[in-house]
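Notes for the structure review
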Amino acid sequence: MIIVHHLNNSRSQRVLWLLEELGLDYDIRRYRRDPKTMLAPASLRQVHPLGKSPVITDGEATLAESGAIVEYLVGRYGNGRLVPAQPDQRLRYTYWLHYAEGSAMPPLLLKLVFDRIERAPMPFFARPIARTIAARAKETFILPQIRQHLDYMESEVGRSGWFAGDEFSAADIQMSFPLEAAAARAGLDASRPNLAGFLERIHARPAYRRALERGGEYGLLA
């Protein structure tokens with residue numbers, strides 16, 4: 001039996017969605033973030049040394065990292081589903097599968113960190129200095145990087161409606177998290193209609209909705 005070690009409001013929601021798309025049976029073991037730090041609980045380290053989510057166990061195998069989990073599940077249980085058959089689309093599939101965490105997420109995570117620095121409690125004399133540094137970092141580097149990536153993704157998904165080609169694939173599942181994070185806190189809106197349309201299409205998928213029902217709250221994308 002596949003077990004998903006599921007942290008609320010996290011990337012592991014994508015794993016539940018993939019499992020629903022594949023029609024696989026699975027169990028969920030739930031973990032909750034610390035309400036103050038928003039970090040995963042220490043109990044996750046009993047599953048994987050880094051103590052992060054997503055993590056799955058499948059028999060004797062324990063696997064972390066979203067992209068690796070997607071590749072494992074599709075390769076072992078997909079029977080050709082959710083992976084393009086054409087070589088050019090397969091190459092795009094591999095690219096977007098790894099772009100999601102390797103390129104799209106780092107500037108979004110930096111924005112999250114510097115947003116928290118601006119809001120963090122601190123001595124009054126340090127507050128203006130910290131907020132100035134955070135605002136400067138966001139304005140000169142982080143936000144331009146996010147805009148550049150969003151423009152790039154807007155253009156690429158506009159080619160066919162899905163990231164890897166003409167059909168929905170597991171790469172679209174992997175790409176969902178950075179785009180939902182960008183929509184929640186980084187300016188992705190109707191001004192980029194191709195990406196907005198992509199989000200509408202994935203949110204309408206029955207498997208996506210079933211995964212939300214099983215996974216629970218999915219509002220804070222951290």
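Remember, it's a predicted structure, so these values are computed and weren't measured experimentally.

**Focus on the overall build of the protein**
Broken down by element type, the protein carries seven helices and four strands. Each helix (α) and strand (β) of the protein, taken in turn from the N terminus, gives the series β-α-β-β-β-α-α-α-α-α-α. For 222 residues, the compact-globule estimate of 2.2 N^0.38 gives 17 Å, and the protein sits close to it at 18 Å. Each principal axis of the C-alpha distribution contributes one length, and for the protein these read about 60 × 45 × 25 Å. Within the span of the protein, comprising 222 residues, buried residues form 49% of the whole. Considering only residue pairs separated by 6 or more positions, the protein has 69% of its internal contacts joining residues 24 or more positions apart. When the accessible surface of the protein is totalled, it reaches about 11300 Å², and 55% of it is carbon and sulfur. Each charge sign in the protein was given a centre, from 29 positive and 25 negative side chains, and these centres are 7 Å apart.

**A word on the side chain of Glu 21**
Its location among the elements puts Glu 21 in helix H1 (residues 12-22). Among the polar contacts made by the side chain of Glu 21, one reaches the side chain of Trp 17 at a distance of 2.8 Å. Once you skip the residues sitting within four places of it in the chain, Glu 21 turns out to touch Arg 81, Leu 82, Phe 168, Ile 173, Arg 205 and Ala 207.

**Considering the packing of helix H2 (residues 66-77) against helix H3 (residues 87-119)**
The contact between H2 and H3 brings their axes to 9 Å, and the two run at 140°. Classified by the angle between their axes, H2 and H3 sit oblique to one another. Where H2 approaches H3, its residues Gly 67, Val 70, Glu 71 and Val 74 are matched on the opposing element by Tyr 93, Leu 97 and His 98. Looking at the contact of H2 with H3 residue by residue, the class counts come to four nonpolar, two polar and one charged.

**Some thoughts on the sheet that holds strand E4 (residues 61-64)**
Spatial ordering of the open sheet is given by E2-E1-E3-E4, a layout of four strands whose pairing is mixed. A single partner strand is all that each edge strand has here, and the edge strands are strand E2 (26-31) and E4. Taking the axes of each pair of neighbouring strands and ignoring which way they run, one obtains an average angle of 20° across the sheet. As paired elements, strand E3 (residues 55-58) and E4 share four bridges and run antiparallel to each other. Of the residues in E4, the one forming a bridge with Asp 58 is Ala 61.

**A look at the packing of aromatic side chains**
The full count for this structure, using the stated rule, is 11 aromatic pairs. Ring centres 5.6 Å apart and planes at 35° place the aromatic pair Tyr 95 and Tyr 99 in the tilted group. One end of the pair, Tyr 95, and the other, Tyr 99, are both in helix H3, four residues apart, so they sit about a helical turn from each other. For Tyr 99, a relative accessible area of 4% translates into the label buried. A centroid spacing of 5.1 Å and a plane angle of 80° characterise the contact between Phe 163 and Phe 198, whose relative ring orientation is edge-to-face.

**So, the side chain of Ser 66**
By secondary structure assignment, the location of Ser 66 is in helix H2. With a relative accessible area of 5%, Ser 66 lands in the buried category. Look past the residues within four positions of Ser 66 in its chain and what remains in contact with it is Arg 11, Arg 14, Pro 54 and Gln 174.

**Notes on the nonpolar core**
Formed by 56 residues in total, the largest nonpolar core has its most connected members in Leu 18, Leu 73, Tyr 93, Met 153, Phe 163 and Leu 179. With nine residues, H3 is the single largest residue contributor to this core. With residues near it in sequence (within four places) discarded, Leu 179 still touches Leu 150, Met 153, Phe 163, Leu 188, Leu 195, Phe 198 and Leu 199.

**A word on helix H5 (residues 170-185)**
The end-to-end C-alpha distance of H5, which contains 16 residues, comes to 24 Å, matching closely the 22 Å that a straight helix rising 1.5 Å per residue would cover. With 13 of its 16 residues buried, H5 lies for the most part within the structure. Capping of H5 at its N-terminal end is provided by Ser 169; its side-chain oxygen lies 3.2 Å from the backbone amide nitrogen of Ala 171. Backbone geometry just after H5 places Gly 187 at a positive phi near 90°.

Criteria and thresholds
Residues numbered from 1 in each chain as written. Predicted model: local features only at pLDDT ≥ 70, side-chain atom pairs only at ≥ 80, totals over all residues. Heavy atoms only, no water. Helix = DSSP H or I, 4+ residues; strand = E, 2+ residues; numbered from the N terminus. Rg over C-alpha atoms; globule rule 2.2 N^0.38 Å. Buried < 20%, exposed > 50% of the residue type's maximum accessible area, 1.4 Å probe, protein only. Contact = heavy atoms within 4.5 Å. Areas by Shrake-Rupley, 256 points an atom, 1.4 Å probe, with all protein chains shown as cover. Lys, Arg positive; Asp, Glu negative; His and termini not counted. Charge placed at Lys NZ, Arg CZ, Asp CG, Glu CD. Polar contact = N/O pair within 3.5 Å; in protein donor to acceptor, adjacent residues only side chain to side chain. Axes fitted to C-alpha atoms, helices over the stretch in contact; angles between N-to-C directions. Parallel < 35°, antiparallel > 145°, perpendicular 65-115°, else oblique. Nonpolar A, V, L, I, M, F, W, Y, C, P; charged D, E, K, R; others polar. Pairing = 2+ DSSP bridges. Phe/Tyr/Trp six-rings, centres within 6.5 Å; stacked < 30°, edge-to-face > 60°. Core = buried A, V, L, I, M, F, W, Y, C linked by side-chain atoms within 4.5 Å. Expected span 1.5 Å × (residues − 1).

Such coordinate-based values are descriptive only and should not be taken to indicate function.
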